[in-house]
Amino acid sequence: MTAVPLDPAPRPSPSAVCAPRALLTVSGGDRRGVTARLFAALAAPGGDLPPVEVVDVEQVVVHGQLVLGVVVGALPAEGGPVEENRFLAALERLAAEVAEATGMRVQVESAADAGLDAAPEGRPHHVILLGRPVPPEAVAGAASAIAGIGGNIEAIRRLSDYPVTSFELTVSGAEATELRIALASVASTSGADIAVEQVGLARRSKRLIVLDVDSTLVRGEVIDELAARAGRAAEVAKITAAAMNGELDFAQSLRARVAALEGLPVEVLDEVREALVLTPGARTLIRTLKRLGFRCGIVSGGFTQITDPLAEQLGLDFAAANTLEVADGRLTGGLVGEIVDRAGKARALARFAARYGIPLDQTVAVGDGANDLDMLGVAGLGIAFNAKPYVREQAHTALNQPYLDAVLQVLGFTRDEVLDAV
């Protein structure tokens, strides 16, 4: 018996044979039956038009205006190779018939002339522009920057119009690092946020998100609120700012700030927790991701007496934070247990991902301070949210919008998908 190889050499498909290709572009006011009419004509070739294969299709309707692009290739005919000029001429006649029947404009050009035969170098990327609004100079600047490094915009689609406007550009021919560098100055001058992500399954396979709490999930810093009630607000706020900017070791600064809380009655913790204001979009983000199957939680340099009830209120899957020491109904100015500092946040993320069997490259971390950097770096996607410059420069991407649910657009979810999940 002859052995059959497990991986035989594949036979070339008809599309692998050198044959002319053409791009048909249909445009005009959208109406029913246009796509069906074009493909019906292509399916019933006659005269000089040989049988064709559909190589690529893209269609979009923008405010009632249809643009349909179809790349077709000539299949080998019995009489030998198909000559390109005759192929294009036959398609021109077909295009004229479709245009007359539908009232649309139908253009034909060689795929080679349209630049469709040249395979771009490097893997494609998504460039997401967000703003409220997105100014024209942001789109112009991004397009110029992409072209300046040899990239090409293959497609643009709108992701959302509320609470922020966002567009996703599919870009080929440029690498992630050079894209981020080229687009950074556009973001700073235009005021729009610009994120870069590699196209692929990994983008939509994220399954766990961890959020910082202070100045991310909620507005303000809890420890500053506690310090205000202890009469030491200015002193503690100064230490907090230095720590978040990376000027002080977080663990050391935390101990110094907590020491200033000595003697506060434990009831103050309840007062501060009840006064917390969630960042706009926080509930939408969590609710949407949970319905999409995400594990959602918080990892905070704050305090469990605040974060645990907050996690329960929001229906989160996990939470990690520091614990204030309490004796005789008052804060002692000390902490209990391991400190959740910069390294501790990254460890917590890894621990929770392992608990749910989720690889780290399928996780998302969102934070604003220097103590979030290790967590942002170890996650598959680290997002600096309204962060200090020191943090923005080192995160995978940055958001400077006031709405936390803008994270959904960075993940590639459209506004319609968000509404469907709510």
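Below is a summary of the structure that appears in this document. No experiment lies behind these values; they were computed from the predicted model shown.

With that settled, the discussion passes to the side chain of Ser-160. Counting through the fold element by element, Ser-160 comes out in strand E6 (residues 152–160). At 2.6 Å, the side chain of Ser-160 forms a polar contact with the side chain of Ser-166. Apart from the residues lying within four places of it in its own chain, the contact partners of Ser-160 are Thr-165, Ser-166, Gln-409 and Arg-415.

It is worth spelling out the nonpolar core at this point. With 36 residues, the main nonpolar core has Ile-209, Leu-217, Leu-289, Val-366 and Val-407 as its most contacted residues. Residue assignment for this core shows that the elements contributing at least two residues are strand E5 (125–131), strand E9 (208–211), helix H10 (282–291), strand E10 (295–303), helix H11 (304–314), strand E13 (363–367), strand E14 (381–385) and helix H15 (407–410). Top element by residues in this core is H10. It accounts for 4 residues. Ignoring anything within four residues of it in the chain, the contact list for Ile-209 reads Leu-285, Leu-289, Phe-294, Arg-295, Cys-296, Gly-297, Phe-318, Val-364, Val-366 and Val-407. Of all hydrophobic cores here, the second largest spans 24 residues; its members include Ala-22, Leu-24, Val-52 and Ala-95.

The next thing to look at is the packing of helix H6 (residues 222–229) against helix H7 (residues 233–244). It is at 8 Å that the axes of H6 and H7 come closest, and there the two elements cross at 160 degrees. Between H6 and H7, the crossing angle belongs to the class labelled roughly antiparallel. Crossing handedness for the pair H6 and H7: right-handed. Two secondary-structure elements touch here, H6 through Ile-223, Asp-224, Ala-227 and Ala-228 and H7 through Ala-233, Val-236, Ala-237 and Thr-240. Of the residues in the contact of H6 with H7, the class split is 6 nonpolar, 1 polar and 1 charged.

Let's shift gears to helix H8 (residues 250–259). Buried within H8 are the following residues: Phe-250, Ala-251, Ser-253, Leu-254, Arg-257 and Val-258. The buried residues of H8 occupy an angular sector of 160 degrees when the element is viewed end-on, so they sit on one face. Seen from the buried face of H8, the exposed residues on the opposite side, beyond 90 degrees, are Gln-252 and Arg-255. Summarising the contacts, the buried residues of H8 are in contact with H6, H7, E10, strand E11 (318–327), strand E12 (330–336) and helix H12 (342–355). Residue Asp-249 occupies the N-cap position of H8, its side-chain oxygen lying 3.3 Å from the main-chain nitrogen of Ala-251.

Moving on to the pattern of salt bridges. Scanning the entire structure with this criterion turns up 13 salt bridges. When the shortest N-O distance is used, the salt bridge between Lys-290 and Asp-317 registers 3.3 Å. Within this pair, whereas Lys-290 is found in helix H10, its partner Asp-317 is found in the loop between H11 and E11, the two being separated by 27 residues in sequence. What makes Lys-290 partly exposed here is its relative accessible area of 31%. Note on Asp-317: relative accessible area 23%, which makes it partly exposed.

Before going further, it helps to spend a moment on a negative patch on the surface. A cluster of acidic side chains, namely Glu-83, Glu-84, Glu-109 and Asp-113, defines a negative patch on the protein surface. Tracing the sequence through the fold places Glu-109 in strand E4 (residues 105–110).

What follows is about a nonpolar patch on the surface. Together, Val-60, Val-62 and Val-67 make up an exposed nonpolar region whose accessible area comes to about 220 Å². Structurally, Val-60 is set in strand E2 (residues 52–62).

Another aspect to go through is the sheet that holds strand E3 (residues 65–74). Ordered by their spatial adjacency, 4 strands build an open sheet running E2-E3-E1-E4, and the pairing between neighbours is antiparallel. Lying at the two open borders of the sheet, with one neighbouring strand each, are E2 and E4. Taking the axes of each pair of neighbouring strands and ignoring which way they run, one obtains an average angle of 15 degrees across the sheet. Sheet analysis places strand E1 (residues 21–29) next to E4, joined by 6 bridges and oriented antiparallel. Within E4, the residue paired with Ala-22 across the bridge is Ser-110. Against the sheet, helix H1 (residues 34–43) touches E1, E2 and E3, its axis set at about 15 degrees to E3. Contacting E1, E2, E3 and E4, helix H2 (residues 84–102) crosses the sheet at an angle of about 170 degrees to E4.

This part is about the sheet that holds E6. The 4 strands lie next to each other as E6-E7-E5-E8, forming an open sheet whose pairing is antiparallel. A single partner strand is all that each edge strand has here, and the edge strands are E6 and strand E8 (193–198). Ignoring strand direction, the axes of neighbouring strands in this sheet form an average angle of 20 degrees. In the sheet, E6 pairs with strand E7 (residues 165–172) via 7 bridges, with the strands oriented antiparallel. Paired with Ile-156 across the strands is Leu-169, a residue of E7.

Before going further, it helps to examine the packing of aromatic side chains. Given two aromatic rings, their pairing is described by the distance between the two centres and the angle made by the two planes. Within this structure, the stated rule accounts for 2 aromatic pairs. With a centroid separation of 4.2 Å and an interplanar angle of 25 degrees, the aromatic rings of Phe-318 and Phe-352 are classed as stacked. Taken together, the residues span a long stretch of sequence, with Phe-318 in strand E11 and Phe-352 in helix H12 at a distance of 34 residues. Arranged with centres 6.2 Å apart and planes meeting at 40 degrees, the rings of Phe-318 and Tyr-356 form a pair that is tilted. Within this pair, whereas Phe-318 is found in strand E11, its partner Tyr-356 is found in the loop between H12 and E13, the two being separated by 38 residues in sequence. Each member of the aromatic cluster is reached from another via a ring pair, and the members are Phe-318, Phe-352 and Tyr-356. Sitting above the plane of the Phe-352 ring, Arg-351 keeps its charged end 5.2 Å from the centroid.

About the criteria used
- Residues numbered from 1 in each chain as written.
- Predicted model: local features only at pLDDT ≥ 70, side-chain atom pairs only at ≥ 80, totals over all residues.
- Heavy atoms only, no water.
- Helix = DSSP H or I, 4+ residues; strand = E, 2+ residues; numbered from the N terminus.
- Polar contact = N/O pair within 3.5 Å; in protein donor to acceptor, adjacent residues only side chain to side chain.
- Contact = heavy atoms within 4.5 Å.
- Core = buried A, V, L, I, M, F, W, Y, C linked by side-chain atoms within 4.5 Å.
- Buried < 20%, exposed > 50% of the residue type's maximum accessible area, 1.4 Å probe, protein only.
- Axes fitted to C-alpha atoms, helices over the stretch in contact; angles between N-to-C directions.
- Parallel < 35°, antiparallel > 145°, perpendicular 65-115°, else oblique.
- Left-handed = near helix turned anticlockwise from the far one by under 90°.
- Nonpolar A, V, L, I, M, F, W, Y, C, P; charged D, E, K, R; others polar.
- Arc of directions from axis to C-beta.
- Salt bridge = Lys/Arg side-chain N within 4 Å of Asp/Glu carboxyl O.
- Patch = residues over 30% accessible without salt bridge, like charges linked within 9 Å, V, L, I, M, F, W, Y side chains within 5 Å.
- Areas by Shrake-Rupley, 256 points an atom, 1.4 Å probe, with all protein chains shown as cover.
- Lys, Arg positive; Asp, Glu negative; His and termini not counted.
- Charge placed at Lys NZ, Arg CZ, Asp CG, Glu CD.
- Pairing = 2+ DSSP bridges.
- Phe/Tyr/Trp six-rings, centres within 6.5 Å; stacked < 30°, edge-to-face > 60°.
- Lys NZ or Arg CZ within 6 Å of the ring centre and 35° of its normal.

By themselves, these are just geometric observations and shouldn't be taken as functional.
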